[in-house]
Amino acid sequence: MSGTLNEQELVQYIAAETGAEPESIRVVLKHEKTFINTAEANEQGEVEIDSDDLVDFVLSRKDVKLDEMTVEAVLDAEMDYLMDIGIAVDED
């Protein structure tokens, strides 16, 4: 694939995978971006994100109306999409 992010396509992909409403997906992605942008980099300049901490952060936002399993599914589907288009790699 092209390796560029198309937000509309991303949201459609996540909706198809999870059954979540597009607006709810956008809210989760907005809070995920905030969490990542405020995360501290390690000595190598890399930011390590703990998925449990991320899910807890997203769920703590007042405008998130999804349950924990759905938030996890949204984030997992996003990672699948990003790996499919070559933007992300799974280091686990």
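Structure's up top.
Keep in mind that what you see is a predicted model, and the values were worked out from it rather than measured. (Residues numbered from 1 in each chain as written. Predicted model: local features only at pLDDT ≥ 70, side-chain atom pairs only at ≥ 80, totals over all residues. Heavy atoms only, no water.)

Focus: a nonpolar patch on the surface
Let me state the cut-off plainly: Each patch is built from residues that are more than 30% exposed by relative accessible area and take part in no salt bridge. Like charges join if they lie within 9 Å; nonpolar side chains (Val, Leu, Ile, Met, Phe, Trp, Tyr) join within 5 Å. Using a 1.4 Å probe, accessible areas were evaluated by the Shrake-Rupley method; residue-level cover was limited to the displayed protein chains. Salt bridges are defined as contacts in which a side-chain nitrogen from Lys or Arg sits within 4 Å of a carboxyl oxygen from Asp or Glu. A run of H or I in DSSP counts as a helix once it spans at least four residues, and a run of E counts as a strand once it spans at least two, with each numbered from the N terminus. Relative accessible area decides the class of each residue, using a 1.4 Å probe on protein chains only: under 20% of the type maximum gives buried, over 50% gives exposed, and in between gives partly exposed.
Nonpolar side chains collect at one region of the surface, where I36, V47 and I49 lie side by side and expose about 200 Å² of accessible area between them. One can find I36 in helix 2 (residues 22–37). Accessibility expressed as a relative area gives 34% for I36, which makes it partly exposed.

So, the environment of N37
Tracing the sequence through the fold places N37 in helix 2. Taking relative accessible area as the criterion, N37 reaches 58% and is therefore assigned exposed. Between the alpha carbons of N37 and V47 there is a distance of 9.3 Å; along the sequence they are 10 residues apart.

A look at the side chain of E78
Put simply, the test is: Counted charges follow a simple rule, with Lys and Arg positive, Asp and Glu negative, and His plus the chain ends left uncounted. We call two residues in contact when some of their heavy atoms are within 4.5 Å.
Tracing the sequence through the fold places E78 in helix 4 (residues 68–84). As a buried residue without a salt bridge, E78 has its nearest oppositely charged side chain in K33, at a separation of 10.0 Å. The residues contacting E78, other than those within four sequence positions of it, are L10, I14, L29 and E32.

Some details on a negative patch on the surface
This is how it is decided: Here the site of a charge means atom NZ of a Lys, CZ of an Arg, CG of an Asp or CD of a Glu.
Taken together, the side chains of D50, D52, D53, D56, D67 and E68 present a region of like negative charge at the surface. Examining the composition of the negative patch, we find that three residues originate from one element, helix 3 (residues 51–59), more than from any other. Looking at where E68 falls in the secondary structure, it is placed in helix 4.

So, the packing of aromatic side chains
Short version of the rule: Only Phe, Tyr and Trp rings take part, Trp by its six-membered ring, and two of them pair if their centres are within 6.5 Å. Stacked means planes under 30 degrees apart, edge-to-face means over 60, and tilted covers everything else. The criterion is that NZ of a Lys, or CZ of an Arg, lies within 6 Å of the ring centre and within 35 degrees of the ring normal, and then a charge sits over that ring.
Under the defined criterion, the tally for this structure stands at two aromatic pairs. Seen in terms of ring centroids, F35 and F57 are 5.2 Å apart; in terms of plane orientation they differ by 50 degrees. Their pairing is tilted. Here F57 lies in helix 3 and F35 lies in helix 2, a separation of 22 residues in the sequence. F57 shares its class with F35; the two are buried. The ring of F57 has R61 lying over it, and the distance from NZ or CZ to the ring centre is 4.2 Å.

As far as function goes, none of this settles anything; it's purely spatial.
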